[in-house]
Structure formats: C-alpha cells, structure tokens
Amino acid sequence: PMSTLFVDTINEKTSGNGVQIPGHVIQVVGTTKTDTQSITGTTFTDVLTASITPKFSNSKIYITCDLNFTRYSSTDSDLGERYAAAKLFRDSTQIALGDAGGSRSQVWFSSNTVNLNNGAFTMFQSSGSFLDSPATTSAITYKVKCAGTVTSTDIVVINRTGPDDDAAYSHRGASTLTLMEIAQ
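For clarity, every value in this text was computed on a predicted model and none was experimentally measured. (Residues numbered from 1 in each chain as written. Predicted model: local features only at pLDDT ≥ 70, side-chain atom pairs only at ≥ 80, totals over all residues. Heavy atoms only, no water.)

## Quick word on the overall build of the protein
The helix and strand tally for the protein stands at zero helices and 12 strands. Seen in sequence order, the protein has helices and strands lined up from the N terminus as β-β-β-β-β-β-β-β-β-β-β-β. For 184 residues, the compact-globule formula gives about 16 Å, and the C-alpha radius of gyration of the protein, at 20 Å, lies well above that figure. Oriented by its inertia axes, the alpha-carbon framework of the protein measures out at about 65 × 40 × 30 Å. Nonlocal contacts in the protein, meaning residues at least 24 apart in sequence, comprise 80% of its contacts between residues at least 6 apart. Counting every atom, the protein has about 9900 Å² of accessible surface; 47% of that belongs to carbon and sulfur. Counting 13 positive and 16 negative side-chain charges, the protein places the averaged centre of each group 8 Å from the other. (Helix = DSSP H or I, 4+ residues; strand = E, 2+ residues; numbered from the N terminus. Rg over C-alpha atoms; globule rule 2.2 N^0.38 Å. Contact = heavy atoms within 4.5 Å. Areas by Shrake-Rupley, 256 points an atom, 1.4 Å probe, with all protein chains shown as cover. Lys, Arg positive; Asp, Glu negative; His and termini not counted. Charge placed at Lys NZ, Arg CZ, Asp CG, Glu CD.)

Spelled out as structure tokens, the structure:
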C-alpha cells in the first residue's frame, strides 16, 4: 500500500536545530565573477570566494566551479602558454588536490591552454566539483586560486582572452563558484 503525507509547513521541534532530511539541499551559496583578472607568475591568487555556515556538523558541502581562463606569454600576448591551474581551499587548507608525486603540482583542475601561436585568443572554460566533509557548523570560506605552475613571467587571465583586443573575436566570460550544503 502507498501512503501520502500532506503538510503545509514543517517546523523544527527544538528551536535552532532546523529540520534535517537526509539527501536534500539545505542551502545554496554562490558567487559569479564577471570582471577580468590577470595573474603573473606562479603565486596562486584568489579568484573566486564564497562562504557558508553549515546548519549541521555532519553535512557535506558540494562545491562546483566553472572558470574561464587561459595563459599567454609575457612577451607575446598572441602566444598561448600551458600550465594554468586552479586550486581549491577550505579556509587556509588546500583540498581537492591530486596525490603528491615528486615535483608535480597538486591542483584541483587545469586549463586546456596550449603552447601555440594565436593560442591565447581562446578563453578556455574549465570546471571542477568536489564533495567536502568539513565537520563543523562554523562559517567556512572556500576559495579558488589560480596561477601558472612554471615560468614566473607568463600571465594567467580570468574571463578574457590573452590579447583582449577590442573586437568580436575577443571573448569575455563569467566564472562561478557554487556551494551546496547536503543533509546526511
């Protein structure tokens, strides 16, 4: 037999505890970056930031990021360069990173940039997702940081192409960071 439950509202039994239904989205926090940004060298710099205060200590935070970025040569803005990457941080701790292995860079994801003449005219849309278990009800700040991983003079750009010419073939984009608290 099938049962149906009809309700107009669900109220918490104890004030301040909230209502916990496993598997549902409790809250969503997001930010959109529409401005451009340039990052020279290999120092990872804040690009997107969002904060969330979990309602339950056993909640998971599902993080998604869609990032428009590319990298170009400091001596020729038409010349695409490789090795642009994004890292994810929970407060000051890097999370969602690959295993350590010698001198290899531990990142969340990288851009599809290529070392090619005129390659910097392409703005690459790259993305990542991660399910975090922060085990807290205190405020958490998640940050996406970007930089190149080699060559201290080449330039990573966010939401634009390398040359950024004032023409229809130069693209400008928007990048997003979204946090979803998932009840367990």
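Moving on, there is more to tell.
## A word on the nonpolar core
Counting 29 residues, the largest nonpolar core has I63, L67, V144 and C146 as the members making the most contacts within it. Looking at this core, the elements with two or more residues in it are β3 (45–52), β4 (60–73), β6 (84–90), β10 (140–148), β11 (155–158) and β12 (175–182). The contacts of C146, once residues within four sequence positions are left out, are I39, T43, F44, T45, V47, L67, F69, A85, A86 and I158. (Core = buried A, V, L, I, M, F, W, Y, C linked by side-chain atoms within 4.5 Å. Buried < 20%, exposed > 50% of the residue type's maximum accessible area, 1.4 Å probe, protein only.)

## Some thoughts on the environment of S152
Following the sequence through the fold, S152 ends up in the loop between β10 and β11. Considering only alpha carbons, one finds S152 and G41, 111 residues apart in sequence, at a separation of 3.8 Å. The residues touching S152, leaving out its near neighbours within four places in the chain, are T40 and G41.

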